[in-house]
Amino acid sequence: MKTYVISDTHFGHANIIKLADRPFKNVDEMNKTIINNWNSIVNDEDIVYILGDFSFKGKNADYYAKQLKGRKILIKGNHDKIDKESRKCFEKILNYAEIEIDNQIYILTHYPILSWNKMYGGSIQLYGHLHKNSKYFENITLPNAFCVNCEFRNYSPVEIKKFKMFKEDFIEYTEMMLRRK
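Quick caveat, the model's predicted, so the values are computed rather than measured.

Conventions we followed
Residues numbered from 1 in each chain as written. Predicted model: local features only at pLDDT ≥ 70, side-chain atom pairs only at ≥ 80, totals over all residues. Heavy atoms only, no water. Buried < 20%, exposed > 50% of the residue type's maximum accessible area, 1.4 Å probe, protein only. Helix = DSSP H or I, 4+ residues; strand = E, 2+ residues; numbered from the N terminus. Pairing = 2+ DSSP bridges. Core = buried A, V, L, I, M, F, W, Y, C linked by side-chain atoms within 4.5 Å. Contact = heavy atoms within 4.5 Å. Salt bridge = Lys/Arg side-chain N within 4 Å of Asp/Glu carboxyl O.

Below, the discussion takes up the pairing of strand β5 (residues 97-101). Residues of β5 alternate between two faces, with A97, I99 and I101 buried on one and E98 and E100 left unburied on the opposite face. Across 5 bridges, the pairing between β5 and strand β6 (residues 104-108) is antiparallel. If you follow I101 over to β6, its bridge partner there is Q104. The antiparallel pairing of β5 with β6 creates a hairpin that spans 2 residues between the two strands, and D102 there sits at a positive phi of about 50°.

Here is the structure:
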């Protein structure tokens, strides 16, 4: 069993193609591409943490979720409106999660946060919400925080173990922050 992360799939959201400059002709092509990419990587026993904005305004979340392999855990985003049917599609629906895999702590959120549990103790923050066209994306330069928006990840889930903090980068960042004081 593997653990994957992805965010901002925006299933059924036709306008996201224009808003985020996605390379699709229409929403059907986008939906099919993400579903095919997902199912070519994820197995039924795998866990996939979806870090928000699964479908547009939560519409048809159950329709899309049923087409996707794996055990799905949703970290709610600003576009996720969960109804009774949608709840059945996700193993859990959370606002935030801290998980540990192979002695590595991961902080999972929809929105990027500037400070989190064990930030200086080796934990890694994974988040979504920011899109390719976001003017703020370039400002987040922490060596232990990564955006998992599907736009930056080939419209596919990514195995969580691929996100690693390089000790040298973290030491350099910490020293820089201390010099600023």
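On we go from here.
As a further point, take the nonpolar core. Core analysis: the biggest nonpolar cluster contains 25 residues, and F11, M30, W38, V48, I50 and F54 have the highest contact counts within it. Of all the secondary structure elements, the ones that give two or more residues to this core are β1 (3-6), α1 (16-19), α2 (27-41), β2 (47-50) and α3 (61-65). Broken down by element, the residue count for this core peaks at 5 residues, all from α2. Residue contacts for F54: discarding those within four places in its chain leaves T9, H10, F11, A61, Y64, A65, L68, L74, D80 and F90.

Looking now at the pattern of salt bridges. With the rule as written, the count across this model stands at 3 salt bridges. Put simply, K161 and D102 hold a salt bridge, and the shortest N to O gap is 2.8 Å. On the criterion of sequence distance, the pair formed by K161 in the loop between β9 (158-159) and α5 (167-180) and D102 in the loop between β5 and β6 is long-range, its members being 59 residues apart. Here K161 falls in the partly exposed class, since its relative accessible area comes to 38%.

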